[in-house]
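# Architecture at a glance
Here is how the chains run, residue by residue.
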Amino acid sequence: MHPAPLNADPDDAVVLLVDDMPDNIAPLHDALDAAGYTVLVALDGQSALARAAQARPDVILLDALMPGIDGFEVARRLKADPELAQIPILFMTGLTETEHLVKALAAGGVDYVTKPVKPLEVMARMGVHLRAARQARLGALERQQARNALDAFGYATITVRARDGRLMWQTPLARELLRRHCGTESPVTPEPVLQWLRRHLPEAQRQLEPPRLHLDQGPSRLTFRLHRRLGEEECSDDSPEGEWLIVMEESSDGSAIEALVSAFGLTAREAEVLYWVAQGKINRDIADILGASPATVKKHLERIHGKLGVETRTAAAAMAVNRVRALQRFDT
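Every value quoted in this text rests on a predicted model; they were computed, and no experiment measured them.

Calculation notes
- Residues numbered from 1 in each chain as written.
- Predicted model: local features only at pLDDT ≥ 70, side-chain atom pairs only at ≥ 80, totals over all residues.
- Heavy atoms only, no water.
- Helix = DSSP H or I, 4+ residues; strand = E, 2+ residues; numbered from the N terminus.
- Buried < 20%, exposed > 50% of the residue type's maximum accessible area, 1.4 Å probe, protein only.
- Contact = heavy atoms within 4.5 Å.
- Areas by Shrake-Rupley, 256 points an atom, 1.4 Å probe, with all protein chains shown as cover.
- Core = buried A, V, L, I, M, F, W, Y, C linked by side-chain atoms within 4.5 Å.
- Arc of directions from axis to C-beta.
- Polar contact = N/O pair within 3.5 Å; in protein donor to acceptor, adjacent residues only side chain to side chain.
- Phe/Tyr/Trp six-rings, centres within 6.5 Å; stacked < 30°, edge-to-face > 60°.
- Axes fitted to C-alpha atoms, helices over the stretch in contact; angles between N-to-C directions.
- Parallel < 35°, antiparallel > 145°, perpendicular 65-115°, else oblique.
- Left-handed = near helix turned anticlockwise from the far one by under 90°.
- Nonpolar A, V, L, I, M, F, W, Y, C, P; charged D, E, K, R; others polar.

## Let's talk about the overall build of the protein
- Summing up its helical and strand segments, the protein has 12 helices and 10 strands in all.
- A buried classification covers 44% of the 332 residues belonging to the protein.
- Sequence separation of at least 24 residues holds for 57% of the intrachain contacts in the protein that already meet a minimum separation of 6.
- Accessible surface, the protein: about 17,700 Å² in total, of which carbon and sulfur atoms supply 52%.

## As for the environment of Ala292
- Relative to the helices and strands, Ala292 is located in the loop between helix H10 (283-290) and helix H11 (294-308).
- Discounting residues that sit within four places of it in the chain, Ala292 has contacts with Arg269 and Ala287.

## Overview of the environment of Leu17
- Among the structural elements, Leu17 can be located in strand E1 (residues 14-18).
- Sequence separation between Leu17 and Asp63 is 46 residues; the distance between their C-alpha atoms is 8.4 Å.

## What about the nonpolar core?
- Counting residues in hydrophobic clusters, the biggest one holds 24 residues, and the most contacted among them are Leu260, Leu266, Val273, Leu274, Ile286, Ile304 and Leu308.
- Those elements that place two or more of their residues in this core are helix H8 (254-264), helix H9 (268-278), H10, H11 and helix H12 (313-331).
- A per-element tally of this core places H9 first, with 6 residues.
- Core analysis: the next-biggest nonpolar cluster, separate from the first, contains 22 residues, Val160, Leu201, Leu215 and Leu226 among them.

## Section: helix H3 (residues 71-80)
- Buried within H3 are the following residues: Gly71, Phe72, Val74, Ala75 and Leu78. For H3, the angular spread of the buried residues around the axis is 160°, confining them to a single face.
- The secondary structure elements touched by the buried residues of H3 are helix H2 (45-55), strand E3 (59-63), strand E4 (89-93) and helix H4 (98-106).
- Between a side-chain oxygen at the N-terminus of H3 and the backbone nitrogen of Phe72 the separation is 3.2 Å; the capping residue is Asp70.

## What to know about unusual backbone geometry
- Following Lys115, the chain continues to Pro116 via a peptide bond in cis, the omega torsion being -5°.
- Within the secondary structure, Pro116 is located in the loop between strand E5 (111-114) and helix H5 (119-152).
- Put simply, Ser186 and Pro187 share a cis peptide bond, and its omega is 10°.
- With respect to the helices and strands, the residue Pro187 is situated in the loop between helix H6 (172-182) and helix H7 (191-205).
- Even without being a glycine, Arg56 presents a positive backbone phi close to 50°.
- Its place among the elements puts Arg56 in the loop between H2 and E3.

## Description of the packing of aromatic side chains
- Evaluated as defined, the whole model comprises 3 aromatic pairs.
- Where Trp196 meets Phe224, the ring centres are 6.5 Å apart and the plane angle is 55°; that geometry is what we call tilted. Within this pair, whereas Trp196 is found in helix H7, its partner Phe224 is found in strand E9 (residues 220-230), the two being separated by 28 residues in sequence. Of the two residues, Trp196 and Phe224, neither departs from the other in class, the shared state being buried.
- Here the aromatic rings of Tyr275 and Trp276 are separated by 5.0 Å at their centres, their planes lie at 80°, and the arrangement is edge-to-face.

## A few points about the packing of H8 against H9
- Two numbers describe how H8 lies on H9: the axes approach to 9 Å, and their chain directions differ by 115°. It follows from the interaxial angle that H8 and H9 lie roughly perpendicular. Crossing of H8 against H9: the hand is right-handed. Listed contacts from H9 to Ala256, Ile257, Leu260, Val261 and Phe264 of H8 are Ala268, Ala271, Glu272, Leu274 and Tyr275.
- Its residues placed into classes, the contact of H8 with H9 shows 9 nonpolar, no polar and 1 charged.

Listed below in structure tokens is the structure:
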């Protein structure tokens, strides 16, 4: 029986051992089993792919040269599968020429051992890669949990690279909001957001929070806040490069618009026009928000003046502001 080396870390790890010569791997199989690993065996490339997909092993020890699908092709196929790509692959090879070792690493291997394999050496190397893979998975899980937590509180987040404007990652809620409000998909950053980011980078570099960006769509508003730069240690103090974390929040003015309908006997569209007038928007901006023409907005505004008994835009806006403020005081 082979003792487990100090730097091996079985801890319920599953090892997929792939070799077309069972006698060659019998000593390694026994040593892994004695050390506490769960060992699965595949004798050809096709079986290796099927076992990997079914069992999701923690590490794969893969013979380079096998009839049919060789180890290099098995590794390439595993790395092409997003569900299996993170499994570390250690090649077992009798080939020591540089070109073959390079081929093994290029196919996706993280390491290799030469045949005849020495079980203690294999487990020592395997333990290092197992721990690295677990740390990587843990880090990814923690990042995903943090993003989900932001989503749960209604704060969608994105990261934008300043150098080329590429949207690097986004939470699920951010993806939905950008699709709905801006009609864009990753890796494209909406143009208004990109322009806002670049315009205010000098302020952000001085650690001054820039004005927030608001994108209005009907009664809904999407607000962007520049939170912080990621990886600041990689950027010089006077450089705007790097990735920037942007927090988004959606709010709705539906209750305020309903209050204007009720208070002044307006139609829903007239109430929307009056609401945006009270927000200081000009007719052209209101037309863009509501998907109408400036002329249509002007006609709505004329009817609003008549219903409110006022003659000016300013007087109509003041009445709307007072009504919305009264609603907000009641709600609080």
